[in-house]
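Chains, contacts and geometry: an overview
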Amino acid sequence: DVKVTQSSRYLVKRTGEKVFLECVQDMDHENMFWYRQDPGLGLRLIYFSYDVKMKEKGDIPEGYSVSREKKERFSLILESASTNQTSMYLCASSFSPGDGYTFGSGTRLTVV
Amino acid sequence: DQQVKQNSPSLSVQEGRISILNCDYTNSMFDYFLWYKKYPAEGPTFLISISSIKDKNEDGRFTVFLNKSAKHLSLHIVPSQPGDSAVYFCAASEAGNMLTFGGGTRLMVKP
């Protein structure tokens, strides 16, 4: 089974902190994605990566950055956490962009 | 502009009855459609998909129907079970490009 593992299920951080969300996949997928899910807004794409060291902005990249130094790992960075970044963050991977995605279990981030 | 829309944010159904979840899209170039199911505090999981060359795909209790002329797809769950209570997302892609997701519909199946 393809596995996408997100390092934390729940996180509480303070406003202004730098936050790292880690995601690892074990199926040698080229493509990895970061989404956030908010009530009434569905899944919104933050960033995606189609290869090591490659990244593309999604629909809502402001306040976020990403890092992909190794194929299996895609990190989402909140440079200076704010309360409006309180959300469920979902990582996903796929072999090709239009394939079905495999999602991680999500990280519920609360910024206080 | 939302290219994939799920106009019903929530749906309540009695156990044993049919659940019908709807999804509309605007991009006529979409050629592959998927449904995902998401439980609270978990990531979405793939449920069923359909290619634009078909108009129906069935997997057990789940059937997806595609009406290309209306740019509409629907997911039927028969019979509905309490364990089907979740948020359902439809998604679409064009020529192997990235998935575009709808806003989700929360299904509640009452015992």
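Residues numbered from 1 in each chain as written. Chains lettered and ligands numbered in written order. Predicted model: local features only at pLDDT ≥ 70, side-chain atom pairs only at ≥ 80, totals over all residues. Heavy atoms only, no water.

**Brief notes about the sheet that holds strand β1 (residues 4–5) of chain B**
Residues and elements named next belong to chain B. Which entries qualify depends on this criterion: Two strands qualify as a pair provided DSSP detects at least 2 bridges between them. Put simply, DSSP H or I for four residues or longer makes a helix, DSSP E for two residues or longer makes a strand, and each gets a number counted from the N terminus.
Pairing within the open sheet is antiparallel, and its five strands lie in the order β1-β3-β8-β7-β6. Edge strands, defined here as strands with exactly one partner in the open sheet, are β1 and β6 (56–59). Summarising the sheet, β6 and strand β7 (residues 62–67) pair through four bridges and their orientation is antiparallel. Each residue of the ladder has a partner; that of Asn57, found in β7, is Val64.

**Looking at the nonpolar core**
Residues and elements named next belong to chain B. Rules: The nonpolar core is taken to be a set of buried Ala, Val, Leu, Ile, Met, Phe, Trp, Tyr and Cys residues, with the residues joined through side-chain atoms within 4.5 Å. In this scheme, a residue with accessible area under 20% of its type's maximum is buried, one over 50% is exposed, and one in between is partly exposed, where area comes from a 1.4 Å probe on protein chains only. We call two residues contacting when some pair of their heavy atoms lies within 4.5 Å.
By size, the foremost hydrophobic cluster in this structure holds 23 residues, and its most contacted members are Phe33, Trp35, Leu73, Leu75 and Tyr88. Contributing elements (two or more residues each) for this core: β3 (19–25), β4 (32–38), β5 (45–51), β7, β8 (72–77), β9 (86–93) and β11 (105–110). The element that contributes the greatest number of residues to this core is β9, accounting for four residues. Look past the residues within four positions of Leu73 in its chain and what remains in contact with it is Leu21, Asn22, Cys23, Tyr25, Phe33, Trp35, Val64, Phe65 and Leu66.

**Here's the deal with the interface of chain A and chain B**
What counts here: Buried area is a sum: the accessible area each of two parts loses on coming together, probed at 1.4 Å, counted once for each and added. Just to be clear on terms, a salt bridge is a Lys or Arg side-chain nitrogen sitting within 4 Å of an Asp or Glu carboxyl oxygen. The classification used treats Ala, Val, Leu, Ile, Met, Phe, Trp, Tyr, Cys and Pro as nonpolar, Asp, Glu, Lys and Arg as charged, and all other residues, Gly among them, as polar.
Facing 19 residues of chain A, the contacting portion of chain B comprises 17 residues. Overall, the association of chain A and chain B removes approximately 1400 Å² of surface from exposure, summing both partners, and the carbon and sulfur fraction of that is 65%. For the chain A face of the interface with chain B, the top three residues by lost area are A:Leu43, A:Gly98 and A:Tyr101, together amounting to 32%. In this structure, the connection of chain A to chain B is made through zero salt bridges. With four residues, strand β6 (residues 42–49) of chain A is the largest single contributor of residues to the side of chain A that touches chain B. Along the lines of polarity and charge, the residues of the side of chain A that touches chain B split into eleven nonpolar, six polar and two charged.

**Digging into the layout of surface pockets**
How we decide: A 1.4 Å probe that fits into a set of points on a 1 Å grid over the protein atoms alone but cannot get out defines a cavity; an open set with protein on both sides within 12 Å along at least five of seven lines defines a pocket, and lining residues are those with an atom within 4 Å of a point. Grid points are joined across faces, edges and corners, and a volume is the space filled by probe spheres set on the points.
Estimates place the volume of the largest pocket at around 510 Å³. If you go around the largest pocket, you meet 26 residues; those closest to its centre are A:Gln37, A:Pro39, A:Gly40, B:Val87 and B:Arg106. Of all elements in the fold, only β5 (31–38) of chain A together with β9 and β11 of chain B reach the threshold of two or more residues within the lining of the largest pocket. In terms of residue count, the dominant contributor to the lining of the largest pocket is β9(B) (three residues). Space inside the second largest pocket adds up to approximately 400 Å³. Taken together, 19 residues make up the lining of the second largest pocket; nearest its centre are A:Leu43, A:Leu45, A:Asp59, B:Thr100 and B:Phe101. When residues of the lining of the second largest pocket are traced back to their parent elements, those giving at least two are β6 of chain A together with β10 (100–101) of chain B. Partitioned by chemical class, the residues of the lining of the second largest pocket number nine nonpolar, seven polar and three charged.

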